[in-house]
Amino acid sequence: MNLIEKYNVSVPRYTSYPPANYFVEMSAESYQEAVCKSNDEGCSTLSFYLHIPFCHHLCHYCGCNSYAQPSDKAVVDKYISALHKEIDMVAALIAPQRKISQIHYGGGTPTLMPVEVLREINEHILSLFGTIEKPEIAIECHPGFLNAEQWQSLTQSHFNRFSIGVQDFDEKVLKVVNRTPALIPVEEIVPILRSTGATISMDFLYGLPLQTPQLFAQSIERAIATKPDRVVTFGYGHVPWVFKRQAILEQYGLPLATDKQQMYENAANLLCEAGYVQIGMDHFVLPTDELYLALKNGQLHRNFQGYCTRRTTGQVYAFGVTAISQLDGAYCQNTKSIEQYIELIEQGKLPSSKGYTLTAEQRIARSVIEQLMCNYQISWSQIAEELKLSIDEVRKALHFNLEQLQDMQADGILSLTTDTIKMTTEGHPYVRNVAAALDPLMQNTTKQFSKPI
């Protein structure tokens, strides 16, 4: 049996631990209590996430909490007003001396909003707290609906990192997945953003209908020619039981797992040959990028918004419908109903819907799994020292099965010493499998996840 056959099984992505499908009902009072507790535990810096759920239309592959733009503009206006009110409600619970290290806009399509609306939200947040030196203020951008003037306006609205959602340059692929191609070529977008010194990231998705290893490589080559600071290659996760619209793609046929793996390998080889360095599972950055420096120092971090450094890491306070806060001791997700979200905020109530309060053992497991997912290695002695525990206490919080790990070592995906687990280069695509092997929640679970390849 080859590695893809053996390890291409359902496992979590581990953007959080425990994963979001373990969340249970959480009251607004419990969330408020968790926010207050967060002032005295965990990282002191603040990361704010803003969820803009609206899209011009929905891409078939989308696994985000997104909604088609309502025909009634008043709904959008009410939503933005509620967002401002929620920011004030949560900010009142946060210690005023804490500083902002990160602001991130996701969706949906954040750039569907007029630029002045986004600028006003940034200025609102920045008026409430101080910042660290050079905080990261990032936005996910759909290039299908932005002209040169709008890109220029975004650079003047406090943003200093732009993630351009290219997905694929092949317009045939974009058509079958219902995504609009870029309004102006990326070769024109990049100089506009670069003129301000902003960090530029291009996001690609592989594993879509009509994609082949050769054609996807051509998209990556075109991206490389523009020299973005970061290139992100996400593997498409087909979970139609969660997002029913994804089932539409099955009529076109999805690439085989072997072809999907070849797309990833071709992209990785091209990017590395062009001087990029791989970060985590799917990021490739220039050697001058602070993500690479963090990786070298074992200080890479990860949250729902992606990879970040310890410098820009903060406990995440999330605003907007379906947005998930990631605090030291708890996660909390807002309601999925836009109507209910607006109604609760107007009543002065936090729109909490579900979440999860971590046990002491789960906080230990989170530290171990996060270290593995971010840095491709675990040092038991280092983690034990950081957590002020013994190595045995750390391992007891996990599903530590030496025989299973030795089997993975025999397959060449990791190497073991008495103190470390290190992923091999060939094993990088299977880091989720190793994390799942250590995860006590994954033993005899009935939860469903996407496959790593």
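What comes next is a walk through the structure. Because the structure is predicted, anything quoted here is derived from the model rather than measured.

## Observations regarding the overall build of the protein
And then number 1: The number of helices and strands found in the protein is 16 helices and 20 strands.
And then number 2: For 453 residues, the compact-globule estimate of 2.2 N^0.38 gives 22 Å, and the protein sits close to it at 21 Å.
And then number 3: Projected onto the principal axes, the alpha-carbon positions of the protein cover approximately 60 × 50 × 40 Å.
And then number 4: Counting across all 453 residues of the protein, residues that qualify as buried make up 55%.
And then number 5: Across the protein, the 37 positively charged side chains and the 48 negatively charged ones have centroids separated by 1 Å.

## Description of the packing of helix H3 (residues 73-91) against helix H11 (residues 338-346)
And then number 1: In the contact formed by H3 and H11, the axes pass within 9 Å of each other and the chain directions differ by 50°. Here H11 runs oblique to H3, going by the angle between their axes. At the point where H3 passes H11, the crossing takes the left-handed sense. Here Val-75, Lys-78, Tyr-79, Ala-82, Leu-83, Lys-85, Glu-86 and Met-89 of H3 lie close against H11, whose contacting residues are Ile-338, Tyr-341, Ile-342, Ile-345 and Glu-346.
And then number 2: Residue classes in the contact of H3 with H11 are distributed as nine nonpolar, no polar and four charged.

## Quick look at the pattern of salt bridges
And then number 1: Tallied over the entire structure, the rule returns 12 salt bridges.
And then number 2: With its nearest N and O atoms 3.0 Å apart, the salt bridge here joins Lys-73 to Asp-77. In this pair, Lys-73 and Asp-77 both sit in helix H3, four residues apart, roughly one turn of the helix.
And then number 3: Exposure remark for Lys-73: the relative accessible area of 56% places this residue in the exposed category.
And then number 4: Residue class for Asp-77 comes out partly exposed when judged on its relative accessible area of 42%.
And then number 5: Glu-136 is paired through a salt bridge with Arg-161; the nearest N and O atoms lie 3.1 Å apart. Taken as a pair, Glu-136 in strand S6 (residues 130-141) and Arg-161 in strand S7 (residues 161-167) lie far apart in primary sequence, 25 residues in all.

## Considerations on the nonpolar core
A general feature of soluble globular proteins is that nonpolar side chains tend to end up buried together.
And then number 1: Formed by 78 residues in total, the largest nonpolar core has its most connected members in Phe-48 and Trp-151.
And then number 2: The element best represented in this core is H3, accounting for eight residues.
And then number 3: The residues touching Phe-48, leaving out its near neighbours within four places in the chain, are Ile-94, Ile-100, Gln-102, Ile-103, His-104, Ile-125, Phe-129, Tyr-317 and Phe-319.
And then number 4: With 48 residues, the next largest nonpolar core counts Tyr-22, Met-281, Tyr-331 and Leu-398 among its residues.

## Focus on the environment of Thr-322
And then number 1: Mapped onto the secondary structure, Thr-322 falls in the loop between strand S14 (315-319) and strand S15 (324-326).
And then number 2: Counting along the chain gives 255 residues from Thr-322 to Tyr-67, while the straight-line C-alpha distance between them is 11 Å.
And then number 3: Excluding residues within four positions of it along the chain, Thr-322 makes contact with His-51, Asn-65, Tyr-67, Gln-333, Asn-334, Thr-335 and Lys-336.

## Some words on helix H13 (residues 380-387)
And then number 1: By the burial criterion, the buried members of H13 are Trp-380, Ile-383 and Ala-384. All buried residues of H13 lie within an arc of 100° about the axis, which places them on one face of the element.
And then number 2: Contacts made by the buried residues of H13 are with helix H12 (360-375), strand S18 (377-379), helix H14 (391-396) and strand S20 (420-423).
And then number 3: Note on H13: the residue one or two positions beyond its end, Lys-388, has a positive phi of about 60°.

## A look at the packing of aromatic side chains
And then number 1: Inspection of every chain in the model, using the stated rule, returns 15 aromatic pairs.
And then number 2: For the pair Tyr-105 and Phe-159, a centre-to-centre distance of 5.3 Å together with 70° between the ring planes defines the contact as edge-to-face. Highlighted residues: Tyr-105 in strand S5 (residues 99-107) and Phe-159 in the loop between helix H5 (148-155) and S7, separated in sequence by 54 residues.
And then number 3: Each ring, one from Tyr-206 and one from Phe-216, has its centre 5.9 Å from the other, and the planes form 55°; the classification is tilted. In this pair, Tyr-206 sits in strand S8 (residues 199-206) while Phe-216 sits in helix H8 (residues 213-226), placing the two residues 10 residues apart along the sequence. When sorted by exposure, Tyr-206 lands in the same class as Phe-216, which is buried.
And then number 4: Counting every residue linked through ring pairs, the aromatic cluster contains Phe-169, Phe-204, Tyr-206, Phe-216 and Tyr-264.

## Section: the layout of surface pockets
And then number 1: Quantified by volume, the second largest pocket comes out at close to 860 Å³.
And then number 2: Lining the second largest pocket we find 36 residues, and of these His-301, Arg-310, Arg-366, Ser-367 and Glu-370 sit closest to its centre.
And then number 3: Elements with a minimum of two residues in the lining of the second largest pocket: strand S12 (300-303), S14, H12 and H13.
And then number 4: If you tally residues by element for the lining of the second largest pocket, the top one is H12, at 11 residues.
And then number 5: When the residues that make up the lining of the second largest pocket are grouped by side-chain class, the tally is 15 nonpolar, 14 polar and seven charged.

## A word on the state of the cysteines
And then number 1: Summed over all chains, the structure comprises zero disulfides.
And then number 2: Looking at Cys-64, it has no disulfide partner, and the nearest cysteine sulfur is the one in Cys-62, 4.0 Å off.
And then number 3: The thiol of Cys-308 is not disulfide-bonded; the next cysteine sulfur, from Cys-374, is found 7.8 Å away.

## Focus: empty space enclosed by the protein
And then number 1: Taken as a whole and judged by the stated rule, the model has two cavities of 30 Å³ or more.
And then number 2: As for the largest cavity, its lining consists of 17 residues, of which Tyr-206, Gly-235, Met-281, Arg-432 and Pro-452 are closest to the centre.
And then number 3: Mapped onto the lining of the largest cavity, the elements with two or more residues apiece are strand S9 (230-235) and helix H9 (257-273).
And then number 4: Tallied by class, residues from the lining of the largest cavity come to eight nonpolar, four polar and five charged.

Conventions we followed
Residues numbered from 1 in each chain as written. Predicted model: local features only at pLDDT ≥ 70, side-chain atom pairs only at ≥ 80, totals over all residues. Heavy atoms only, no water. Helix = DSSP H or I, 4+ residues; strand = E, 2+ residues; numbered from the N terminus. Rg over C-alpha atoms; globule rule 2.2 N^0.38 Å. Buried < 20%, exposed > 50% of the residue type's maximum accessible area, 1.4 Å probe, protein only. Lys, Arg positive; Asp, Glu negative; His and termini not counted. Charge placed at Lys NZ, Arg CZ, Asp CG, Glu CD. Axes fitted to C-alpha atoms, helices over the stretch in contact; angles between N-to-C directions. Parallel < 35°, antiparallel > 145°, perpendicular 65-115°, else oblique. Left-handed = near helix turned anticlockwise from the far one by under 90°. Contact = heavy atoms within 4.5 Å. Nonpolar A, V, L, I, M, F, W, Y, C, P; charged D, E, K, R; others polar. Salt bridge = Lys/Arg side-chain N within 4 Å of Asp/Glu carboxyl O. Core = buried A, V, L, I, M, F, W, Y, C linked by side-chain atoms within 4.5 Å. Arc of directions from axis to C-beta. Phe/Tyr/Trp six-rings, centres within 6.5 Å; stacked < 30°, edge-to-face > 60°. 1 Å grid on protein atoms, 1.4 Å probe; cavity = no way out; pocket = protein on both sides within 12 Å on 5 of 7 lines; lining within 4 Å. Points joined across faces, edges and corners; volume = space filled by probe spheres on them. Disulfide = S-S within 2.5 Å.

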